[in-house]
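These are the residues of each chain, in order.
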Amino acid sequence: MPLSDNLSCTKTISMKTHHFPWSLFIIGSAVMLSLSMWLLLYVMQQTAKAEIEHTFTSLTERVRGEFATIIALESGLVANTLTLNNIENHADRELNLYIQLLNNERDDVNFFILPKITSDMLEQYEQEKQDNGYLDFRVFGNADTDPLNSTHIYFPSETIKQNKLSGLKHFGRDVYSYPNFKDAMDEASVKNKTVAAWSHVTAENTHGITIFHPIYDTQFFNTLPENTKMDHVQAMVASEIFLDDLIKNIINRLDIEDMSFYISVQSYRAIKQARTTTIPFFITEAADWLPEVYHSQTIALLDKPVTISMKALIPLNKLSWIRAFVVFFVTLVLIALSYLFIKHYLKNKHEKDIADAMLEKEHNRADATLTALGEGVITTDTLGTVMYLNPKARDILGENASNLPLEGKLLTALYPASLQTEAQKIMDSMLICIEKNQIVQLHNIKAINHHGTPILIDCTLSPMVEEAGNISGVALVLEDVTYLEEMRLQIENMAKRDHLTGLFNRYEFENQLKDTIINAHKHKLTHAFCYLDLDQFKIVNDTAGHLAGDQLLRQLSGTVFLRSTPAGAILGRLGGDEFGLLLFNTDIKKATKVCEQIIHDIQHFVFLWQDKRFQVGVSIGLVMIDDLSLSVEQSLISADTACYLAKEKGRNRVESAHIDNEEVRQRQEELSWAERLPRAIEENRLVLFIQYMLPLNGVRTHAEILVRMKDEQGKLLAPNQFIPAAERYGIMTKIDRWIIQRSLENIEQIISRKGDEGFIYSINLSGQTLTDETFLRFIHDALSKRKALAERICFEITETATMGNLVQALRCMKLLKDLGASLALDDFGSGLSSFAYLRQMPVDYLKIDGAFVHNIHKDGINRAIVANMHQLAGVFGLKTIAEYAENESIISELKKIGVDLAQGYGFHVPEEWIVEILRAEQSRAEQSRAEQSRAEQLYH
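Residues numbered from 1 in each chain as written. Predicted model: local features only at pLDDT ≥ 70, side-chain atom pairs only at ≥ 80, totals over all residues. Heavy atoms only, no water.

1. A short note on the packing of aromatic side chains
Operational definition: Two rings from Phe, Tyr or Trp (for Trp, the six-membered ring) form a pair when their centres are within 6.5 Å of each other. A pair whose planes differ by under 30 degrees is stacked, one over 60 is edge-to-face, and the rest are tilted. Helix and strand labels come from DSSP, where a helix needs a run of H or I of at least four residues and a strand needs a run of E of at least two; each type is numbered from the N terminus. Only protein chains enter the accessibility calculation, which uses a 1.4 Å probe. A residue is then buried if its area is under 20% of the maximum for its type, exposed if over 50%, and partly exposed in between. In this scheme, the term charge over a ring applies when either NZ of a lysine or CZ of an arginine sits within 6 Å of the ring centre and within 35 degrees of the ring normal.
By the definition in use, this model includes 12 aromatic pairs. Taken together, a centroid distance of 5.8 Å and an interplanar angle of 45° make the contact between Phe509 and Phe529 tilted. Of the two residues, Phe509 sits in helix α13 (residues 506-523) while Phe529 sits in strand β16 (residues 527-535), which places them 20 residues apart along the sequence. Accessibility assignment for this pair places Phe509 and Phe529 in one class, buried. Taken together through their ring pairs, the aromatic side chains of Tyr692, Phe759, Tyr761 and Trp913 make up a single cluster. In this arrangement the basic side chain of Arg497 is found over the ring face of Phe504, its NZ or CZ atom lying 4.1 Å from the centre. In this arrangement the basic side chain of Arg708 is found over the ring face of Phe689, its NZ or CZ atom lying 5.0 Å from the centre.

Structural data, given as structure tokens:
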């Protein structure tokens, strides 16, 4: 630049440069001093405030602890009362001694027992008290309501607290005659729990709370109707708490030094009946020129709120003067440093303005040449220093290049710090362009335009060759190609994203899961896959429509899930209300914590739709992915199984499908039964077994028909290996029909044979079969035309099956009786429900649960139970069958009791039941299957 231009620039800058506004510096310094003074006061108070807050926290925590202790003492008193079991005397000596010890130990609580006295007991009760030395003892109540004439129940106070003036005054007072006490005692008697009530306000007990707990005369109070529970209350255990005394005692026990404060206690007996008392505590001189420190907290004893407030003054000896001096000194140092910095800044700014003016002139010359171009143009030297860039280039590269003078700076200065990797790509390509003297093209380089929007550019780099053949620099032509990439990404996103929630769809999520499994194998890392299934979502669709359900899914995906999941996690929608979540580089403890947070957030999320409010939950199956994980399909199955198990356990929980989780493994095995059982029925792999019963009392011989199953390898499986799965997946009805059909065929063959012994055959019916409407038609068609066959059949129905749907069970049982079959109630005694309905059941036999039979020769209690069940059956005109007759000793005891039939290994071990007439047909069928299997092997 010519010297004249340089001088011109310097003159122009000097004219534009103004003196620094030192008045602002002075104002700023004053503000800093003011702030330092405020900070000084703040720092001085912090130690004292922390100590006051700690004292208040200790006070409130101890109040809570005392509340818990009093409730525990009352529970102990209840337990002692029940143990002594001597309430008829109203005040057992040992119990009264225990209560008196408690009352002597504490002056802030009065423990006492309120015996229940009825009208017909009142006169005798008062006379007993007078005979015991209380000559003027009378039961009295609230004079306003005169309960002595309006009620027949009294709960008089018998305990006198020695150190309270009001103790004697309350002796004999009928607590039940006061409405607030009556309501609390009624609630306690109905719910069998501790209930609180506000005590009457006295000079000694402004904020008193009395808690009650009932003592019943029966241990079966939960089965009583609510309106009769008070009739079974024997007494009330009560505790009157003197809140002011309790808090004063706690304050006296606190280690408080150099502090002055007021403690306010406020109780809320009703909305407009709050009561407040103040407890002063002064020890040391306070700084009354500082603001008071105030803390308040509401603590509840059961449902009675009490607010404790502390208003404390800052003690002078707690002020931190040294810290205050340090703050003031640091403020002065900062002001001095600010002054030096401003001086240095003004000098540097002046020099920089001169350089910028010179660069601006050169820029204007080059910019006039290339301003009209539609592409961005940048020229650099061989080192990558920017020599020129046109306005379009500034527009493409955004704020970093829009207004700053970049000539003389490296090309990387055009890019923000977050995109320096992209800038380095351009620099590397520029070196290739110079070294090889050829044009280099870059595609889809990231940048940020002047609107702050991320864009993509294509960059063409061409070497600038001088006349002598030397390369003096590089010219870069920039073209914005964002719209092309946006179109590509939009198409790709439509293929990967769920259109409703914007999350990954199932196809893309499975790809991500596959990559995660590969990553775990390759790098020996552990990740987590969470399978989320919303609970109660169908209610939203059915109640408010699918538009509401869609909106709920959008809100959960856009707010709750994003807030609950950690950064870097992958979330996808796998189905209607099912979602998948991938957590990376984690362990089962951390993954479970994330799942529990999701469950908590969804439970507290309220979905509003028009005038309706909905709350949903979520069950989560968790699978850890490590170098042992096999496939996407296996992970999905394991997670889905664990999620299903979480739903079975009560929903709104997380269940892990780890290798040690026996329930998940068992659930996966049970899932296979849903396919194996129907195939076993089709392939006729069910096998009938029979177990004969021993007649003990001159009745006909019975035999129970049992079922086993052969697995795919021909191994015989016990019922407990497949029956639970059959019941879970609704296949038990098919099995029952197969058993009935085959059993009827066998019995028909037996009846048609000569020498038939006239056995009665027992066939078990499951609860699912009893509640299946189509079973009634099936059994009617099977037995209606076979009267003689029906008389030989006894259907066994378990007690639990009948209780599941009593109406349908009774309907089915009536039909079976009408068809001529007999009925047995199986597993009798395993529950108590059937006793109430036994009269309604048209049964012929009671089958006593084996749990009471297997050791009656050793256990007198079980023998008595079996004898009572047999006697009960006799009252109803029923025969009895005893299970688990495992040896001669048990059979001998059963015979002495008079049981009609004994069933067990002591008489007969179950064996396969093949009628000889059918044996040939079965042999031919097995031979045909074997030949078919060999043919298939040869074919393959």
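Okay, back to it.
2. Digging into a nonpolar patch on the surface
Here is the rule we go by: Note that patches include only residues with greater than 30% relative accessible area and no salt bridge, and the join distances are 9 Å for like charges and 5 Å for nonpolar side chains (Val, Leu, Ile, Met, Phe, Trp, Tyr). Calculation of accessible area relied on Shrake-Rupley with a 1.4 Å probe; when residues are assessed, cover is drawn exclusively from the protein chains displayed. Here, a salt bridge means any side-chain nitrogen of Lys or Arg that lies within 4 Å of a carboxyl oxygen of Asp or Glu.
Taken together, Val326, Phe329, Val330, Val333, Leu334, Leu337, Tyr339 and Leu340 make up a surface patch of nonpolar side chains, about 710 Å² in accessible area. Here Val326 shows up in helix α8 (residues 321-370). Given a relative accessible area of 44%, Val326 falls into the partly exposed group.

3. Structural notes on a negative patch on the surface
Formally: All tallies of charge rest on Lys and Arg as positive and Asp and Glu as negative; His and the ends of each chain are not included. A charged residue contributes its charge at one atom only: NZ of Lys, CZ of Arg, CG of Asp or CD of Glu.
Where like charges cluster on the molecular surface, the negative patch consists of Glu375, Glu479, Asp480 and Glu486. One can find Asp480 in strand β15 (residues 471-480). In this structure Asp480 comes out as partly exposed when scored by relative accessible area, which is 34%.

4. A look at the confidence of the model for the chain
Operational definition: How sure the predictor is of each residue is captured by pLDDT, a score from 0 to 100. In what follows, residue pairs with any heavy atoms lying within 4.5 Å of each other are defined as contacts.
Confidence along the chain averages 80 in pLDDT terms, with 82% of residues attaining 70 or more. Per-residue pLDDT stays below 50 along residues 917-922; that stretch engages in seven contacts with residues further than four places along the chain or on separate chains.

5. Some details on the nonpolar core
Heads up, the rule is: By nonpolar core we mean a set of buried residues, namely Ala, Val, Leu, Ile, Met, Phe, Trp, Tyr and Cys, connected to one another through side-chain atoms within 4.5 Å.
Counting 76 residues, the largest nonpolar core has Ile740, Tyr761, Ile779, Phe795, Val866, Leu894 and Trp913 as its most contacted members. By residue number, the principal contributor to this core is helix α20 (residues 732-752), which donates eight residues. Once residues lying within four places of it in the same chain are set aside, the contact partners of Leu894 are Leu696, Val853, Ile856, Val866, Ala882, Ala885, Val899 and Ala902. Formed by 43 residues, the second largest nonpolar core is a distinct cluster that contains Ile52, Trp198, Ile251 and Val306.

6. A closer look at the packing of helix α14 (residues 537-544) against helix α15 (residues 546-564)
Quick note on the threshold: Here the axes come from fitting lines to C-alpha atoms, over the contacting stretch only for helices, and the angles between their N-to-C directions go from 0 to 180 degrees. When describing relative orientation, an angle under 35 degrees is termed roughly parallel and one over 145 degrees roughly antiparallel, while 65 to 115 degrees is termed roughly perpendicular and anything else oblique. Residues are grouped as follows: Ala, Val, Leu, Ile, Met, Phe, Trp, Tyr, Cys and Pro are nonpolar; Asp, Glu, Lys and Arg are charged; every other residue, Gly included, is polar.
Contact pair α14 / α15: the axes reach a minimum separation of 6 Å and the direction vectors enclose 140°. Between α14 and α15, the crossing angle belongs to the class labelled oblique. Contact residues: Phe537, Val540, Asn541 and Ala544 in α14; His546, Ala548, Gly549, Leu552 and Leu553 in α15. Partitioned by chemical class, the residues of the contact of α14 with α15 number six nonpolar, three polar and no charged.

7. A few points about the pattern of salt bridges
Overall, the coordinates contain 30 salt bridges when judged by the stated rule. Between Lys425 and Glu422 there is a salt bridge, and its shortest N-O distance comes to 3.3 Å. Separated by three residues within a single helix, Lys425 and Glu422 lie in helix α11 (residues 420-436), roughly one turn from each other. Residue classification places Lys425 among the partly exposed residues on the basis of a relative accessible area of 39%. Residue Glu704 pairs with Lys847 through a salt bridge whose shortest N-O separation is 2.7 Å. Placement of Glu704 in strand β25 (residues 702-710) and of Lys847 in strand β30 (residues 845-848) is noted, with a sequence separation of 143 residues between them. Judged by its relative accessible area of 7%, Glu704 falls in the buried class. It is possible to trace a salt-bridge network through shared partners that takes in Glu66, Arg106, Asp108 and Arg253.

8. Details of the packing of α13 against helix α17 (residues 632-648)
Their axes nearest at 9 Å, the elements α13 and α17 cross at an angle of 105°. Judged on the interaxial angle alone, α17 and α13 are roughly perpendicular. Between α13 and α17, the contacting residues are Arg506, Glu510, Leu513, Lys514 and Ile517 on the first element and Val632, Ser635 and Leu636 on the second. In terms of residue class, the contact of α13 with α17 is built from four nonpolar, one polar and three charged.

9. Observations regarding α14
Stated formally: Directions drawn from the helix axis to the C-beta atoms are what define this arc.
Inspection of α14 places Phe537, Val540 and Asn541 among the buried residues, and these make up the whole buried set. Buried residues of α14, viewed axially, fall in a sector of 95°; they line one side. Residues of α14 that are exposed and point more than 90 degrees away from the buried face comprise Lys538 and Asp542. Among the structural elements, β16, α15, β19 (607-609) and β20 (612-614) are those in contact with the buried residues of α14. A positive phi of about 100° marks Gly545, the residue just after α14.

10. Describing the sheet that holds strand β4 (residues 195-198)
The line we're drawing: Strands qualify as paired when DSSP identifies two bridges or more between them.
Read from one edge to the other, the open sheet built from four strands follows the order β1-β6-β5-β4, with strand pairing classed as antiparallel. Looking at the sheet topology across the chains shown, the edges are occupied by β1 (109-115) and β4. The average angle at which neighbouring strand axes cross in this sheet is 25°, direction not considered. In terms of strand pairing, β1 meets strand β6 (residues 233-241) through seven bridges, oriented antiparallel. Note on β6: the bridge partner recorded for Pro115 is Ala235.

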